[in-house]
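# Structure assessment
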Amino acid sequence: MEKDLQSSGSGTPNPLQEFLDLPPSTLFINGKRYKKHEQHWYEEGNFGFLVGDTAFRLHRSILSRRSSVFSDMLSTPQPLFPILEASNAQDNIIGVPFTELQDRAQDFAHVLDFIYPSSLPAARTEHLGVKDWMGVIRFTGKYLINDLNKWAISALDAHLLTSSKTSLKALLQKPSTYKNPQFCVEIIQFSKECSLPRFLPLAFYALATAEWDQIPGGASCLEQLSSQDRTRVHEGRLALSKAVLEKMPSLFEKLSSRDSCTQEGCKPTKEQEPSTRWKGILLHPLEELAPEPRRGSWFSGMFRGLGSCVDCQKVVTHTHTVRDELKGRLTEFFKLESKVEVVSGAPDGDR
């Protein structure tokens, strides 16, 4: 017997020995190998889920209270799969029904992190990124866990919409989100899948204003979009540029009038070449029309020289007005549905 457990004469490992060598976190269900989830495997659990290569052992009552979909699922008799456990496993799952979910184990685990605490704020969220929240929203929308779905959407708002803590310029220049064209494609697909049009305008804007010659792989990621959305990107770029050009005369007049401002708090500068001054605003109007103080009260870039005097601040206010108007017309430029929200109800942080 001991010899049989080692290996056959041909050198092929014996399947039984291989099974006995498995760690206690591994089990075979219906002929497939799974690993028990580290946090969400409860020995007293009375129902199991198989998600990808991960097994979860949970409680019917907890899931049924939070989701009508799970309630219906758990009230339906489930087949008892043939189960083998590693010999040193401490818990017995014979007789526990398991069902398979066609979802991501990571998303399910994140949702369980919120379901098992007594209240949502008790769960840790600082480790969750944008794509984690997207996964939670997908999962909770699919299984009708409505309170968590609403809460997760508000958390995603904080990452992808302007707020009192995040300026529009900082948001659009963040490398992991709108500055990344692949992410913009993914957020467009996600927004349509989950009926969340509020995230579409800035994603389309970011794609339309991307400097593709400086991006590895160029515009190849656009091929993942539908032909209609690709058309939106290109036609929206043209409509946006036309609107910016219409604003040029008033902006040029106001900025030129401040080039030699010598009032207290301001810094005189030499007038910039028109081509230099307007190149940025044509390429990235929402970012460039968001002057932010640098080195005290002065501004940088196309706004350098503007300071704290009343007249200079009027120019800054005017540029914000133009920017907000352009931002408010993104739905129009990219021919999105009229119900699309450009931003959440939170005030802009870059005013």
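Preceding this section is the structure that the text describes.
Residues numbered from 1 in each chain as written. Predicted model: local features only at pLDDT ≥ 70, side-chain atom pairs only at ≥ 80, totals over all residues. Heavy atoms only, no water.

### Quick word on the pattern of salt bridges
Condition: For this document, the term salt bridge refers to a Lys or Arg side-chain nitrogen within 4 Å of an Asp or Glu carboxyl oxygen. Relative accessibility decides the category of a residue: with a 1.4 Å probe and only protein chains considered, values under 20% of the type maximum give buried, values over 50% give exposed, and everything between is partly exposed. Helix and strand labels come from DSSP, where a helix needs a run of H or I of at least four residues and a strand needs a run of E of at least two; each type is numbered from the N terminus.
All chains considered together, the criterion is met by 14 salt bridges. As a salt-bridge pair, Asp324 and Arg323 come within 2.7 Å of each other at their nearest N and O atoms. Assigned by exposure class, Asp324 and Arg323 land together as buried. For Asp324, the salt bridge goes to Lys327, with nearest N and O atoms at 4.0 Å. Taken as a pair, Asp324 and Lys327 lie in helix H14 (residues 310–328) at a separation of 3 residues, close to a single helical turn.

### Topic: the layout of surface pockets
Rules: With a 1 Å grid spanning the protein atoms alone, the term cavity applies to any set of points in which a 1.4 Å probe fits but cannot get out, the term pocket to an open set with protein on both sides within 12 Å along at least five of seven lines, and the term lining residue to any residue with an atom within 4 Å of a point. Grid points are joined across faces, edges and corners, and a volume is the space filled by probe spheres set on the points. Ten residue types, Ala, Val, Leu, Ile, Met, Phe, Trp, Tyr, Cys and Pro, are classed as nonpolar, four, Asp, Glu, Lys and Arg, as charged, and the remainder, Gly among them, as polar.
In this structure, the largest pocket encloses a volume near 210 Å³. In this structure, the largest pocket is lined by 16 residues; those nearest its centre are Lys179, Thr209, Ala210, Glu211 and His284. Listed by contribution, the elements that provide at least two residues to the lining of the largest pocket are helix H9 (181–193) and helix H10 (200–208). If you tally residues by element for the lining of the largest pocket, the top one is H10, at 3 residues. Tallied by class, residues from the lining of the largest pocket come to 9 nonpolar, 4 polar and 3 charged.

### So, unusual backbone geometry
A positive phi is found at Ser195, a non-glycine position, where the angle reads about 55 degrees. Among the secondary structure elements, Ser195 is positioned in the loop between H9 and H10. A positive phi angle, close to 55 degrees, is found at Lys335, a residue other than glycine. With respect to the helices and strands, the residue Lys335 is situated in the segment after helix H15 (330–333). Given the relative accessible area of 56%, Lys335 is considered exposed.

These figures come from the coordinates and say nothing about function on their own.
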